[in-house]
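Chain by chain, the residues:
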Amino acid sequence: MATRNEIEQIKDRLNIVDVVGRYVTLKKAGTNLRALCPFHNEKTPSFMVNPELNIFKCFGCGESGDVFAFVQKIEGLEFGEALEQLAGQAGVALTNDIKAPSTGKIKERELFTDLNSFVAGLYEYLLWQSPVGEPARAYLRERGIGEAIAKQFRLGYVPDRWDTVVKTLAEKGYTLSTAEKLGLVIRSDRQDGYYDRFRDRLMFPIFDPQDKVVGFSGRTLKKEFEGGKYINSPDSDIYHKGQILYAYNFAKHQARLSEELILVEGNLDVIQLHQAGEQNVVAPLGTALTSEQM
Ligand SMILES: [Zn+2]
C-alpha cells in the first residue's frame, strides 16, 4: 500500500480545501470554511472544513475525517483506491505500487488527458498571470463571475495568435500530431505546419465525470464575430460531445442528492448558477441533446 510517510506527504501537498472545493462551494467562516454538506440534504450549511487541521466535519450528519475519508466517501471508493487517486494528484509515488499495468488504451487516454490538462494550465496562466488576459478578466468581472469559481472551473484565455499552443507544445517537446488528434491544433497546408484552433477566446475545459480534461469550449469575447459564439473541440478518442454534459463532474454529487439535474444553455450560465449555490446545473455541448445525455 503506502508508508505512513507517504500518506503524510500526500496530505501535506494536497490542501483539503482544494480537494473538497472541487465538489462543493466553500465559503469563509472565520478560520474555517463552510459549505452545504455533500453527504446529506440541507438548506443551511453545516459542513465545515478546517484548513489548519486538514479535516472536515459535518455538524448535520456527523461525517468527518481527513482528505482520504472525504474522497472515499464522495467517490464511493475503498481506502486503497482513494489513496492511489490522491497520490497521483499529489505526485507522490507509492511503494509497493502493485496495481495492474495499464493497458495501451488506458495509457493513451492518460496521455491525451494529460496533454489537455497541460494546455488548460497554459490558458489559465494567460488569463490570470499575463497582461494579455486583461480583456477576459474584465469580461468575467462584467458577468459577475468571481475568481474562485472561475478557478474551480479552470477557465482560461487564449490570445489572438495562431501559435500560442503550437509554440508552447513544441518548446515542451510534445508531439503536435497528438495535439492535432485532440483538436487543439490544425494542420496547415504548409509542410509540417500547425496552427491553433482556438484564438482570442475565453476557454472552458470540458471535464469527464472523473475531472479529466477531455476537450475545450471557447467563447468569443468580441461583440461582432464571425462563426459561432462558442466553438468546441471536435470529437476525438476521448471526447464525444453527444455523451458528455458541461460541468457534470461538478454537478453529479448535488444532482444525486437532489435527484435532479438542471440543464441550461450556456457554459457561463452554468458557472453563474454554481456560484450562486445551484450545483446541480449542467449544459449540453453542441446544439441538440442526444439520448445518451438524457
Ligand atoms: Zn452532512
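Above: the structure in question.
The following paragraphs examine the structure supplied in this document. Within every chain, residues take consecutive numbers counted from 1 along the sequence as written. pLDDT decides what is reported in this predicted model: residues at 70 or higher carry local features, side-chain atom pairs at 80 or more are listed and counted, and totals for whole chains, interfaces and linings draw on all residues regardless.

Quick notes on the pairing of strand E4 (residues 55-58)
Right, on to step 1. Sheet topology places strand E3 (residues 47-50) next to E4; four bridges connect them, and they run antiparallel. Looking at the pairing, Met48 lines up with Lys57 of E4.
Right, on to step 2. In this analysis, strands are considered paired if DSSP registers two or more bridges between them. Helical segments are the DSSP runs of H or I of at least four residues, strand segments are the runs of E of at least two, and each set is numbered from the N terminus. Hairpin geometry of E3 and E4 is characterised by an intervening segment of four residues between the two adjacent antiparallel strands and by a positive phi of about 60 degrees at Asn54.
Right, on to step 3. Pairing of E4 with strand E5 (residues 64-65), which is carried by two bridges, proceeds in the antiparallel orientation. Along E5, the bridge assignment pairs Lys57 with Ser64.
Right, on to step 4. Hairpin connection from E4 to E5: five residues lie between these consecutive antiparallel strands, with Gly62 at a positive phi of about 90 degrees.

Some details on the sheet that holds E3
As a general point, the strands of a sheet are linked pairwise by backbone hydrogen bonds and lie either parallel or antiparallel.
Right, on to step 1. Strand order in the open sheet formed by five strands is E1-E2-E3-E4-E5, with antiparallel pairing between adjacent strands. Two strands in the sheet have a free side with no partner beyond their single neighbour: strand E1 (27-29) and E5.
Right, on to step 2. Pairing geometry for E1 and strand E2 (residues 32-35), over three bridges, is antiparallel. Note on E2: the bridge partner recorded for Lys28 is Leu33.

What to know about the environment of Leu115
Right, on to step 1. Positionally, Leu115 belongs in helix H5 (residues 104-128).
Right, on to step 2. For Leu115, a count of 20 C-beta atoms within 10 Å translates into the label buried.
Right, on to step 3. Once the C-alpha coordinates of Leu115 and Phe79 are considered, the two residues, 36 residues apart in sequence, prove to be 28 Å apart.
Right, on to step 4. Every residue in contact with Leu115, bar those within four places of it in the chain, is listed here: Tyr174, Thr178, Ala179 and Leu182. Any residue with 12 or fewer other C-beta atoms within 10 Å of its own C-beta is exposed, any with 20 or more is buried, and the rest are partly exposed; the C-beta atoms used are placed from the backbone. Two residues qualify as a contact pair if the distance between their C-beta atoms, derived from the backbone, is within 7 Å.

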